[in-house]
Number of protein chains: 2
Amino acid sequence: MTPRASHGDGAKGVQTAERILEIALRMFRDQGFDGTTMRDIASACGMSLGAAYYHFESKEALLLAYYQRLHEDRQRHAEQLFAETSALRERVIGLYHHHLAALRDDRRLLAALVRIVADPESQASIFAPETRNIRDADIRLFRRAIDSDDVPEQLQVMGALGMWTLQLGFLLYFLRDDSEGQQRTHELVDRCVDFFLPLLPLLSTPFATPMLDRLYATLDSAGLIASALKADR
Amino acid sequence: MTPRASHGDGAKGVQTAERILEIALRMFRDQGFDGTTMRDIASACGMSLGAAYYHFESKEALLLAYYQRLHEDRQRHAEQLFAETSALRERVIGLYHHHLAALRDDRRLLAALVRIVADPESQASIFAPETRNIRDADIRLFRRAIDSDDVPEQLQVMGALGMWTLQLGFLLYFLRDDSEGQQRTHELVDRCVDFFLPLLPLLSTPFATPMLDRLYATLDSAGLIASALKADR
DNA sequence: GTCTATAACATGATAGAC
DNA sequence: GTCTATCATGTTATAGAC
């Protein structure tokens, strides 16, 4: 579902694939995913339908290439953010806001992406191996954001899982948010963060540990604690 | 997206539509949603493609009819459950388990349904007006399950919203759960319920109210507290 | 007005020639 | 790498039967 891996990476092929991707994404943004046919894309690229399919094995693959790009941008931004500040609130809010900002002009693309990623029968499902690396890396970013000696490891892991899940909810709200610059979503994010971050110290006290231990064991035995999260930090 | 509303409800038409639905659902269960074409369904019903489309305006509509059935079954079961017990834990667990049990042999159907309902561009999106009544009624069930004089109204509402959201997560896990009878999902449900139900008394104390007030205000101003939930109980 | 059949269309995807 | 068929399938149009 990614750009055809089997095809060589001769300079020409890569260039052509990039051109197709640029044009396709622009068309998806302008006319929507369903409103753009592969024939439209091919002819806008000045090539035949078959030629376009040579470079991308499916229409979905074009979206997944976008997903990959988005992820790389996000990683870069996070590295910069973490270098700038070690304050938990700034880090967490910074992650959320940047992800929204990056999608600000791409909400139609996001809608199409959600459809594909939420499809449990698709190879590109959010739980599928193909997207697993991206998902794990995303969760790790949240864990790094709240990495602090004051927060027990298990709580960091569960917190990261929770923040990642919450992000899915924010994105769904964002999709439907027609306020100026999706200001409502940004406010929602801020207020939610300001609700749950103060809970961390509370949950870091010995009083809460038995409760958290039980929850962690449950999630872990259900396989919901990604191995990636347990390993490094 | 429901059975063609414009068409009369002559006894024969209804009967035919029901027959199509039965056959289609069986085929979806056996061969998957994508593996079953409208032509297959029509010919299995001994009728032409056009005739099938007369009764159901789209392939999606067949799934949505299933969704509606599922919902009605669920409402009936909940009424019975609430009549049997007023214990919070039994009620909540009863709701979750029955929903899973009803879907036990229909996981392929569920997968197709998730795809449609999760598609933000579809009219049948989980946030779309067409499915809103079902969603609100579902959330109300959760609220009734924890309806108790010991739990403040705002907390009941937020708790119901949370439990409904958690249910979405359980369903996603259920889809991929290949343990015998999806036993793992049932265990996950039990252990999660036993984690969060004891929090209710804790959150019902005056100590927690300011925190909860702020969260409620946030969710409400974001339009996330369904009007249905605020009205009755 | 209620139902069914046939033909046609649009589009994602594929096969095979050059 | 690219092109020109060609296919498969969701959906629509239209004509007719009862």
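Just so we're clear, the structure is a prediction, and the values are computed from it rather than from any experiment.

Draft legend 1. Highlighting the overall build of chain A. Counting secondary structure elements, chain A contains 12 helices and zero strands. For chain A, the sequential pattern of α-helices and β-strands runs α-α-α-α-α-α-α-α-α-α-α-α. Its C-alpha atoms give chain A principal-axis dimensions of roughly 65 × 40 × 35 Å. Across the 233 residues in chain A, those meeting the buried criterion constitute 51%. Carbon and sulfur atoms provide 53% of the accessible area of chain A, an area that totals close to 11,200 Å².

Draft legend 2. How the structure looks around the protein's contact with DNA strand C. The local shell around DNA strand C holds 19 residues, among which A:Met38, A:Arg39, A:Tyr53, B:Gly13 and B:Ser48 are the closest. Here DNA strand C approaches the protein such that, of its atoms within 4 Å, sugar and phosphate make up 55%. Contact between DNA strand C and B:Gly13: a phosphate oxygen at 2.7 Å from a main-chain N or O atom of the residue. A distance of 2.8 Å is found between a phosphate oxygen of DNA strand C and a side-chain nitrogen or oxygen belonging to B:His55. Broken down by secondary-structure element, the contributors of at least two residues to the surface near DNA strand C are α2 (38–44) and α3 (49–55) of chain A together with α1 (11–31) and α3 (49–55) of chain B. Along the lines of polarity and charge, the residues of the surface near DNA strand C split into six nonpolar, nine polar and four charged.

Draft legend 3. Inspection of unusual backbone geometry at higher detail. Despite not being glycine, A:Gln182 has its phi angle at roughly 55°, a positive value. Tracing the chain through its elements places A:Gln182 in the loop between α8 (153–176) and α9 (183–196).

Draft legend 4. Spotlight on the interface of chain A and chain B. Contacts between the two partners involve 28 residues from chain A and, on the opposite side, 28 residues from chain B. Summed over both partners, the interface of chain A with chain B buries about 2,900 Å², with 64% contributed by carbon and sulfur atoms. The largest share of the area that chain A buries against chain B comes from A:Glu121, A:Arg176 and A:Phe195, three residues that together contribute 20% of it. A salt bridge links B:Asp119 to A:Arg115; the nearest nitrogen and oxygen atoms lie 2.9 Å apart.

Draft legend 5. Looking closely at the pattern of salt bridges. Residue and element names in this part refer to chain B. Counted according to the given criterion, the structure contains 20 salt bridges over all chains. Between glutamate 79 and arginine 144 there is a salt bridge whose closest N-O contact spans 3.0 Å. Of this pair, glutamate 79 sits in helix α4 (residues 59–84) while arginine 144 sits in helix α7 (residues 129–145); the two residues are 65 residues apart in sequence, bridging distant segments of the chain. With a relative accessible area of 40%, glutamate 79 lands in the partly exposed category. Residue classification places arginine 144 among the partly exposed positions, given a relative accessible area of 27%. Across the pair arginine 107 and aspartate 178 runs a salt bridge, and its minimum N-O distance is 3.4 Å. Here arginine 107, found in helix α6 (residues 107–118), pairs with aspartate 178, found in the loop between α8 (153–176) and α9 (183–196); they are 71 residues apart in sequence, far enough to count as distant. For arginine 107, a relative accessible area of 17% translates into the label buried. Judged by relative accessible area, aspartate 178 falls into the exposed class, the value being 68%.

What counts and what doesn't
- Residues numbered from 1 in each chain as written.
- Chains lettered and ligands numbered in written order.
- Predicted model: local features only at pLDDT ≥ 70, side-chain atom pairs only at ≥ 80, totals over all residues.
- Heavy atoms only, no water.
- Helix = DSSP H or I, 4+ residues; strand = E, 2+ residues; numbered from the N terminus.
- Buried < 20%, exposed > 50% of the residue type's maximum accessible area, 1.4 Å probe, protein only.
- Areas by Shrake-Rupley, 256 points an atom, 1.4 Å probe, with all protein chains shown as cover.
- Near = heavy atom within 4 Å.
- Polar contact = N/O pair within 3.5 Å; in protein donor to acceptor, adjacent residues only side chain to side chain.
- Nonpolar A, V, L, I, M, F, W, Y, C, P; charged D, E, K, R; others polar.
- Contact = heavy atoms within 4.5 Å.
- Buried area = accessible area lost by both parts, 1.4 Å probe.
- Salt bridge = Lys/Arg side-chain N within 4 Å of Asp/Glu carboxyl O.

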